[in-house]
Amino acid sequence: MSAHNEEAPILIGDELTEGEAVVLEAGTDAAGQRLDQWLAARLGPDISRSRVQALIKQGAVSIAGKPVVEAKRKMAAGERVSVVMPEPEPAEPQGEAILLDILYEDDELIVVNKPAGLVVHPGAGNWTGTLVNALIHHCGDSLSGIGGVRRPGIVHRLDKETSGVMVVAKTDRAHKALSEAFADHGRTGDLERAYLALVWGIPQRPTGTVDAALGRAADRVRRAVVPEGRDDARHAVTHFSVVERFGDGQQAFATASLVECRLETGRTHQIRVHMAHIGHPVIGDPDYGQAFRTKANRLPEPLRGEVNAFSRQALHAWLLEFRHPTTHLAMRFEAPMPRDMEELVGGFRKL
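Residues numbered from 1 in each chain as written. Predicted model: local features only at pLDDT ≥ 70, side-chain atom pairs only at ≥ 80, totals over all residues. Heavy atoms only, no water.

**Some words on the overall build of the protein chain**
In step 1: From N to C terminus, the protein chain includes 8 helices and 19 strands.
In step 2: Of all 351 residues assigned to the protein chain, the portion counted as buried reaches 47%.
In step 3: Counting only contacts in the protein chain whose residues sit at least 6 apart along the sequence, the fraction spanning at least 24 positions is 66%.
In step 4: For the protein chain, the computed accessible surface area is about 16,800 Å², with 49% contributed by carbon and sulfur atoms. (Helix = DSSP H or I, 4+ residues; strand = E, 2+ residues; numbered from the N terminus. Buried < 20%, exposed > 50% of the residue type's maximum accessible area, 1.4 Å probe, protein only. Contact = heavy atoms within 4.5 Å. Areas by Shrake-Rupley, 256 points an atom, 1.4 Å probe, with all protein chains shown as cover.)

**Brief notes about the nonpolar core**
In step 1: Counting residues in each nonpolar core, the largest one holds 52 residues, and the members touching the most others are L131, L198, I283, L299, V307, L344 and F348.
In step 2: Examining the composition of this core, we find that 7 residues originate from one element, strand β12 (residues 192-200), more than from any other.
In step 3: Residues within four places of L198 in sequence aside, it is in contact with F246, S257, L258, P281, V282, I283, A314, M341, L344, V345 and F348.
In step 4: Among the nonpolar cores identified, the runner-up in size contains 22 residues, and A40, A60, V61 and V68 belong to it. (Core = buried A, V, L, I, M, F, W, Y, C linked by side-chain atoms within 4.5 Å.)

**Digging into helix α4 (residues 131-139)**
In step 1: Burial within α4 is extensive, with 7 of its 9 residues counted as buried.
In step 2: Every buried residue of α4 is listed here: L131, V132, N133, A134, L135, I136 and C139.
In step 3: Buried residues in α4 make contact with β7 (102-105), β8 (109-114), β10 (153-154) and β11 (163-169).
In step 4: Taking the backbone nitrogen of V132 as reference, a side-chain oxygen 3.3 Å away marks T130 as the first, capping residue of α4. (Polar contact = N/O pair within 3.5 Å; in protein donor to acceptor, adjacent residues only side chain to side chain.)

**Examining the packing of helix α2 (residues 35-42) against helix α3 (residues 49-57)**
In step 1: In the contact formed by α2 and α3, the axes pass within 9 Å of each other and the chain directions differ by 120 degrees. Regarding the angle of α2 to α3, the classification is oblique. As for how α2 packs across α3, the hand of that crossing is right-handed. On α3, the residues touching L35, D36, Q37, L39 and A40 of α2 are R49, V52, Q53 and I56.
In step 2: Looking at the contact of α2 with α3, its residues break down into 5 nonpolar, 2 polar and 2 charged. (Axes fitted to C-alpha atoms, helices over the stretch in contact; angles between N-to-C directions. Parallel < 35°, antiparallel > 145°, perpendicular 65-115°, else oblique. Left-handed = near helix turned anticlockwise from the far one by under 90°. Nonpolar A, V, L, I, M, F, W, Y, C, P; charged D, E, K, R; others polar.)

**Regarding helix α6 (residues 270-277)**
In step 1: By the criterion of burial, α6 is predominantly enclosed, with 6 of the 8 residues buried.
In step 2: What α6 keeps buried is the set Q270, I271, R272, V273, H274 and M275.
In step 3: Backbone geometry just downstream of α6 places G279 in the positive-phi region, at approximately 90 degrees.

**Topic: unusual backbone geometry**
For residues other than glycine, phi is negative in most cases, and the peptide bonds are mostly trans.
In step 1: The linkage connecting E301 with the following residue, P302, adopts the cis geometry, with an omega of 5 degrees.
In step 2: With respect to the element layout, P302 can be found in the loop between α6 and α7 (303-309).
In step 3: Its identity is not glycine, yet A64 carries a phi of approximately 55 degrees, on the positive side.
In step 4: Assignment of secondary structure puts A64 in the loop between β3 (61-63) and β4 (66-67).

**Considering the side chain of E260**
In step 1: Tracing the chain through its elements places E260 in strand β17 (residues 256-263).
In step 2: At 3.0 Å, the side chain of E260 forms a polar contact with the side chain of R262.
In step 3: Here the side chain of E260 touches W318 through a polar contact of 3.1 Å, side chain to side chain.
In step 4: Apart from the residues within four sequence positions on either side, E260 is in contact with A194, Y195, L196, H239, F240, S241, V243 and W318.

**Quick notes on the packing of aromatic side chains**
In step 1: Overall, the coordinates contain 4 aromatic pairs when judged by the stated rule.
In step 2: Where Y104 meets F333, the ring centres are 5.8 Å apart and the plane angle is 45 degrees; that geometry is what we call tilted. Here Y104 is found in strand β7, whereas its partner F333 is found in strand β19 (residues 330-334), with 229 residues between them in sequence.
In step 3: When the ring of F246 is compared with that of F348, the centres are 6.2 Å apart and the planes differ by 40 degrees; the resulting orientation is tilted. Here F348 lies in helix α8 (residues 339-349) and F246 lies in strand β16 (residues 237-246), a separation of 102 residues in the sequence. Just as F246 is buried, F348 falls in that class too. (Phe/Tyr/Trp six-rings, centres within 6.5 Å; stacked < 30°, edge-to-face > 60°.)

Nothing here speaks to function; it is all geometry.
Have a look at this one:
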């Protein structure tokens, strides 16, 4: 057991290990503060306030030898607070030996190139065979626990049929820092995400911005552009630039573009909905590009057959930049387009 005065926050990763108690003494400035607020500040950047509240509910926080039951309890100067970090509980999803394309890994995080067809997180209809199952198997005991559970910390997602770069946290500290960075979408930090999308048609301008709120579509499953004032409307902004034009000299039905999209916000299906909204849906998109499927019938062979056989949206997260949560070094990861999408783009280059 170790004791600490109130001069500076402690770092959980350095001083508080699973099953060990640390005792913190409240100074005069602590008087009147909520216990959870004071503890979150004292335990440093590794532990969030919600995590502190969970620890209190678990009986892991004591004052004068008695467990505290209320997170809002007011502190008094001179009180000694004992915190015991319980061992992480086993993750509910089971580990599965699924091959991963790992771009980088250390004690805090792992960066993977997710293939199309792989669901990120277990859920209805996909309880096994997900990225989370694969990471639990691969990382094993190197997962120190997210929120007290030995599981990978998902801070952003890619749709099942979207391929590309993803970062996943292995510790609470990394999860907290990366979650904050992704919530901010790079407005005040160093986060950058870029996608390549093969879309129908050629935008009139080489660059543009789609600023249109997203909400639930009429079927309550898909997303749609909705009025800003609607209850479920969520601000959404996508910046795009045309990388290549295909069939520029052909009739409109035989044109397509490779477009780079950069997100200012991160809503569900954002790129897919926004590109469809401006009349350039992602080729192969089963949810937002169905109205354009007949365009493939007017393409020359063998491209016509290649497009009809392409069973997913041609969308790939090729670039991810962020600042490492502990070293604070800028990190950049790139992933080339997967073979199926590269071959489809190659077919359009022959127009």
